[in-house]
Amino acid sequence: MGRESSKQTILEIRDLEVQFATEDGAVRAVDGVSLSIGEAETLALVGESGCGKSVTALSIARLVPEPPSRVTGGSIMLEGVNTLAMNSRELRSLRGAKVAYVFQEPGSALNPVFRVGDQIGEAIRLHRDLRGGAVAAEVLRLLKLVGIPAPEARMREYPHQLSGGMQQRVMIAMALASRPRLLVADEPTTALDVTIQAQILSLLLDLKERLGMAMLLITHNLGVVAQVADRVAVMYAGRIVEEAPVEALLRLPRHPYTRGLLDSIPKLGLGAERLSTIGGSVPHPGEMPPGCKFAPRCSIARAECHLAEPALEEIEPGRKVRCPFWKSVS
Amino acid sequence: MAGKSGRQQWHGGVRTLAGDVWARLKRDRTALACLVVIVVYCLMASWGEWVYWSARVQDVVPIYQVQDFGHRYEPPSGAHWLGTDALGRDVFHRTIQGARIAFRVGIITSLLALPIAMVLGGAAGYFGGRLDECVVWLYSTVASIPSLLLILVIASVVGHGLIGVYLGIGLTTWVGLCRLLRAEFLKHRQLQYVEAARSLGAGHARIIIRHILPNLFHLVIINFSLRFGNAVGTEVILSFLGVGAEGEPSWGIMISDARLRLWQGVWWELAASIGATFFIVLAFNVFGDALRDAMDPRLRMVEGS
Ligand SMILES: Nc1ncnc2c1ncn2[C@@H]1O[C@H](COP(=O)(O)OP(=O)(O)OP(=O)(O)O)[C@@H](O)[C@H]1O
Ligand SMILES: [Mg+2]
């Protein structure tokens, strides 16, 4: 696993805390999250809707709108530079160049009134000193790189003339335009047809290998995780509850929440009766339980779980769990 | 996929948004008729400009100011297609000059009002906060004063003549577009394509000008067509009231001059100036509405895809 090797760290998030100002007061959407991604490594971030995955990922390039949000603690080191200390000019030259994003809905992430070739060209010109014909040549190269057939014709089309899968390939081409070190893909396949999802995933995987990028992949889909990621971090209610190499986590989850997530995916050959869902729902941000945030839904919770929140413990090299009773999870 | 490329070939290559709007507009006969009217007026105005400037350069009395007391109040004839007025001046040439003034008013006031609306509306909607409050306060204030009154005040401050008309109309008619653009920017700044642009490193100015504004430019074009007609109408009224053009053959001045002689059977000057005003105002308004129809469904389709 890439974890213990001497590879350079690309991203190091430490104790990140992000608050939102709402009508009911400040809500802590991200609460003490620490993550790191090494060179050419893929980290998957999984968890239920609203647990703070997107806010964590967008914070890297300070893309969460401020206000209503505010970073109240922690640090984010991207290639050794703290992005939380950057001014807006430095952030602009960071975005796209060092870290680039691919979003969930390619249809609405493309500008409807410009040809896709022009949009990719704009992304190239933002950070690179290419002009005129060189830009057009680079657009073609990128379109080929992301596997778009007949790129000369495609680059002159408008987004609505492309299928969802092709639109997502264009988004990926734009993200790659300035050769970022880190690619953040926030549920890149959720909005696509099932058959297309696999194609886009294998494209991302292939590009990552070829370009040597690090990748932060956000997903609901643990099947995707198994296919693409090196390591997995599981989030719950703004916290990391488990972090592990992907095979180890899928084979033997150590947090009851991860166990629940794994049990809720259908498995081939097993009857539907094996399928279960996690009872209850994510606590409302305003009414966080004082102890372990998962305790109200946890089948192995004990009295002390409701009193104090457990710490994220390293139980073996490369493996962390926020549950003192991880041995009883099976 | 196959269906899409098939559709594309059928239309003979990739179509632009403008091409699509034109295809829709072509099917609307009324709109086409209005467009023809507008083009004819445009030619009239250009010709008027040419007559005006060539007379100035050669330092001679322009043809529309040549007085001929021997031929006053002559009805339309081969020599004077629309007759002559109280000073024996040619009404046809004066009507052409009216088109020149009307187009100057339409263009110059648009050059004032549209940038004001785009800058204030765009900045207020995009940035929000205190700036937005100030802009909303400003346009609410301007909108709450009857615009004719405001125009009269501005015109009387800068003195009579067309400068007052340009400033008066230009500085009071940006409110509608500004309000519309503010609301649209408010909506668009939250859309994914803006977030995507920001994530690639685009700054605020670039996002406003290069990303959002092109999505809203159809609103500016529609507004231009509608406000052009209204500005022309307002200028005619102001000149009629005596606070507009002076010593120049605006349609408003012609109406004002001619109305006293109508009972004597001198109908041609009044008919020419009222008719000229009526058709251009009507054409711009109808064409503006047709543009709106032609552009809206198109954009809905694009956004919905
Ligand atoms: N604009 C906002 N205003 C107020 N609170 C917000 C805002 N955006 C996010 N939040 C808060 O942050 C929390 C985390 O949101 P986030 O978008 O990161 O969730 P997510 O894990 O990405 O969910 P999903 O899987 O649905 O994308 C939300 O539960 C919400 O309380
Ligand atoms: Mg999200």
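Calculation criteria
Residues numbered from 1 in each chain as written. Chains lettered and ligands numbered in written order. Predicted model: local features only at pLDDT ≥ 70, side-chain atom pairs only at ≥ 80, totals over all residues. Heavy atoms only, no water. Helix = DSSP H or I, 4+ residues; strand = E, 2+ residues; numbered from the N terminus. Expected span 1.5 Å × (residues − 1). Buried < 20%, exposed > 50% of the residue type's maximum accessible area, 1.4 Å probe, protein only. Phe/Tyr/Trp six-rings, centres within 6.5 Å; stacked < 30°, edge-to-face > 60°. pLDDT = per-residue confidence, 0-100. Contact = heavy atoms within 4.5 Å. Polar contact = N/O pair within 3.5 Å; in protein donor to acceptor, adjacent residues only side chain to side chain. Near = heavy atom within 4 Å. Nonpolar A, V, L, I, M, F, W, Y, C, P; charged D, E, K, R; others polar. Domains from an automatic or database assignment. Buried area = accessible area lost by both parts, 1.4 Å probe. Salt bridge = Lys/Arg side-chain N within 4 Å of Asp/Glu carboxyl O. Pairing = 2+ DSSP bridges. Patch = residues over 30% accessible without salt bridge, like charges linked within 9 Å, V, L, I, M, F, W, Y side chains within 5 Å. Areas by Shrake-Rupley, 256 points an atom, 1.4 Å probe, with all protein chains shown as cover.

Student: So what exactly am I meant to see when it comes to helix α7 (residues 164–176) of chain A here?
Tutor: Since the α-helix packs 3.6 residues into each turn, any two residues three or four apart lie on the same face. Residues and elements named next belong to chain A. The end-to-end C-alpha distance of α7 is 18 Å, a good match for the 18 Å that 13 residues give at a rise of 1.5 Å each. By the criterion of burial, α7 is predominantly enclosed, with 12 of the 13 residues buried. Where α7 is concerned, the buried positions are Gly165, Met166, Gln167, Gln168, Arg169, Val170, Met171, Ile172, Ala173, Met174, Ala175 and Leu176.

Student: Would you take a moment to explain the packing of aromatic side chains for this structure?
Tutor: Each aromatic ring pair is described using two quantities: the centre-to-centre distance and the angle formed by the ring planes. Residue and element names in this part refer to chain B. For the structure on display, the rule yields 14 aromatic pairs over all chains. Pairing tyrosine 52 with tryptophan 53 gives two aromatic rings, centres 5.2 Å apart and planes at 85 degrees, and the pair type is edge-to-face. Judged by relative accessible area, which is 13%, tyrosine 52 ranks as buried. Where tyrosine 126 meets phenylalanine 127, the ring centres are 5.0 Å apart and the plane angle is 90 degrees; that geometry is what we call edge-to-face. Overall, the relative accessible area of 5% leaves tyrosine 126 in the buried class. Taking relative accessible area as the criterion, phenylalanine 127 reaches 43% and is therefore assigned partly exposed.

Student: Mind showing me how you'd approach the confidence of the model for chain A here?
Tutor: Low-pLDDT stretches of the model should not have their predicted coordinates read in fine detail. Residue and element names in this part refer to chain A. Of the residues in chain A, 94% reach a pLDDT of 70 or more, and the chain-wide mean stands at 85. Mean pLDDT per element in chain A: helix α9 (residues 222–228) is the minimum at 82, and strand β6 (residues 99–102) is the maximum at 94. Across residues 1–5 the pLDDT falls below 50, and counting only partners more than four positions away or on other chains, this stretch makes nine contacts in the model.

Student: Would you take a moment to explain the side chain of aspartate 31 of chain A for this structure?
Tutor: Residue and element names in this part refer to chain A. Looking at the secondary structure, you find aspartate 31 in strand β2 (residues 25–38). Within the structure, the side chain of aspartate 31 is placed 2.8 Å from the side chain of arginine 239, a separation counted as a polar contact. Those residues in contact with aspartate 31, other than ones at most four positions away along the chain, are Leu16, Glu17, Gly238 and Arg239.

Student: Is there a simple way to explain the confidence of the model for chain B in this structure?
Tutor: All names here are of chain B. For chain B, per-residue confidence averages 86 on the pLDDT scale, and residues scoring 70 or more make up 92% of the total. Within chain B, the element-level pLDDT minimum falls on helix α1 (residues 2–10), averaging 36, and the maximum on helix α8 (residues 175–188), averaging 95. When the criterion is pLDDT under 50, residues 1–14 qualifies, and its contacts beyond four places in sequence or with other chains add up to 16 contacts. In the model output, the complex is listed with pTM 0.83 alongside ipTM 0.85.

Student: I tried to follow the site of ligand 1 on my own but got confused; where do I start?
Tutor: Residue and element names in this part refer to chain A. Among the 13 residues in the neighbourhood of ligand 1, the closest are listed as Ser49, Gly50, Lys53, Ser54 and Val55. Between ligand 1 and the protein, one listed contact pairs an oxygen atom with a backbone N or O atom of valine 55 at 2.9 Å. Within the side chain of glutamate 187, an N or O atom sits 3.1 Å from an oxygen atom of ligand 1. Ranked by residue count, the leading element in the shell around ligand 1 is helix α1 (residues 53–59), at three residues. When its residues are assigned to classes, the shell around ligand 1 shows five nonpolar, five polar and three charged.

Student: Help me understand the domain arrangement of chain A, please; the structure alone is not making it clear to me.
Tutor: How big an interface is tends to be stated in terms of the accessible area lost upon association of its parts. All names here are of chain A. When its domains are assigned, chain A resolves into domain 1 (9–98 + 180–328) and domain 2 (112–179). Each partner contributes to the interface: domain 1 provides 19 residues, whereas domain 2 provides 12 residues. Together, the buried faces of domain 1 and domain 2 total about 1200 Å²; carbon and sulfur atoms form 71% of this surface. Linking domain 1 with domain 2 are zero salt bridges. For the pair domain 1 and domain 2, the interface holds three residue pairs in polar contact (both at pLDDT 80 or more). Those elements that place two or more of their residues in the side of domain 1 that touches domain 2 are α2 (88–94) and α8 (194–211). If one sorts the elements of the side of domain 1 that touches domain 2 by residue count, α8 sits on top with eight residues. Its residues assigned to classes, the side of domain 1 that touches domain 2 shows 12 nonpolar, three polar and four charged.

Student: Before we go on, may I ask you to explain the pattern of salt bridges in this structure?
Tutor: Side-chain pairs of opposite charge can arise where the charged atoms are in close proximity. As enumerated under the stated definition, the model contains 27 salt bridges over all chains in all. Residue glutamate 309 of chain A is joined to lysine 293 of chain A by a salt bridge in which the shortest nitrogen-to-oxygen separation is 3.7 Å. Taken together, the residues span a long stretch of sequence, with glutamate 309 of chain A in the loop between α11 (256–263) and β11 (313–316) and lysine 293 of chain A in the loop between α11 and β11 at a distance of 16 residues. On the basis of relative accessible area, glutamate 309 of chain A is assigned to the partly exposed category, the value being 31%. Here glutamate 49 of chain B makes a salt bridge to arginine 104 of chain B, at a shortest N to O gap of 2.9 Å. With a gap of 55 residues between them, glutamate 49 of chain B in helix α3 (residues 29–58) and arginine 104 of chain B in helix α4 (residues 91–127) connect regions that are remote in the sequence. Given the relative accessible area of 21%, glutamate 49 of chain B is considered partly exposed. Owing to a relative accessible area of 21%, arginine 104 of chain B belongs among the partly exposed residues under this scheme. Members of the salt-bridge network, linked through shared partners, are Glu17, Arg28, Asp31, Arg239, Lys293 and Glu309 of chain A.

Student: Explain the sheet that holds strand β1 (residues 9–22) of chain A here, please?
Tutor: The pairing of strands in a sheet comes from backbone hydrogen bonds and takes either a parallel or an antiparallel form. Residue and element names in this part refer to chain A. Taken in spatial order, the four strands line up as β2-β1-β4-β5 in an open sheet, and their pairing is antiparallel. A strand with exactly one partner marks an edge of an open sheet, and here the two such strands are β2 and β5 (81–82). Pairing between strand β4 (residues 69–78) and β5: two bridges, direction antiparallel. Within β5, the position partnered with leucine 78 by the bridge is valine 81.

Student: Sorry if this is basic, but what is going on with the interface of chain B and chain A here?
Tutor: Across the boundary between the two partners, chain B contributes 28 residues, which contact 32 residues of chain A. At the boundary of chain B with chain A, total buried surface from both sides reaches about 2800 Å², with 59% on carbon and sulfur atoms. At the boundary of chain B with chain A, the tally comes to two salt bridges. Glutamate 122 of chain A is the partner of arginine 210 of chain B in a salt bridge, and the nearest nitrogen-oxygen pair spans 2.7 Å. On inspection of chain B and its partner chain A, the count reaches eight residue pairs in polar contact (both at pLDDT 80 or more). Every element with two or more residues in the side of chain B that touches chain A is listed here: α1, α9 (192–199), α10 (204–241) and α12 (268–304) of chain B. Per-element accounting of the side of chain B that touches chain A gives the leading share, six residues, to α9 of chain B. The residue inventory of the side of chain B that touches chain A, partitioned by class, reads 11 nonpolar, nine polar and eight charged.

Student: What should I look at first to understand a nonpolar patch on the surface in this one?
Tutor: On the surface, a nonpolar cluster with roughly 520 Å² of combined accessible area is contributed by Ile145, Leu149, Val153, Val157, Val158 and Ile163 of chain B. Considering every element that reaches the nonpolar patch, the biggest residue donor is helix α6 (residues 147–158) of chain B, with four residues.

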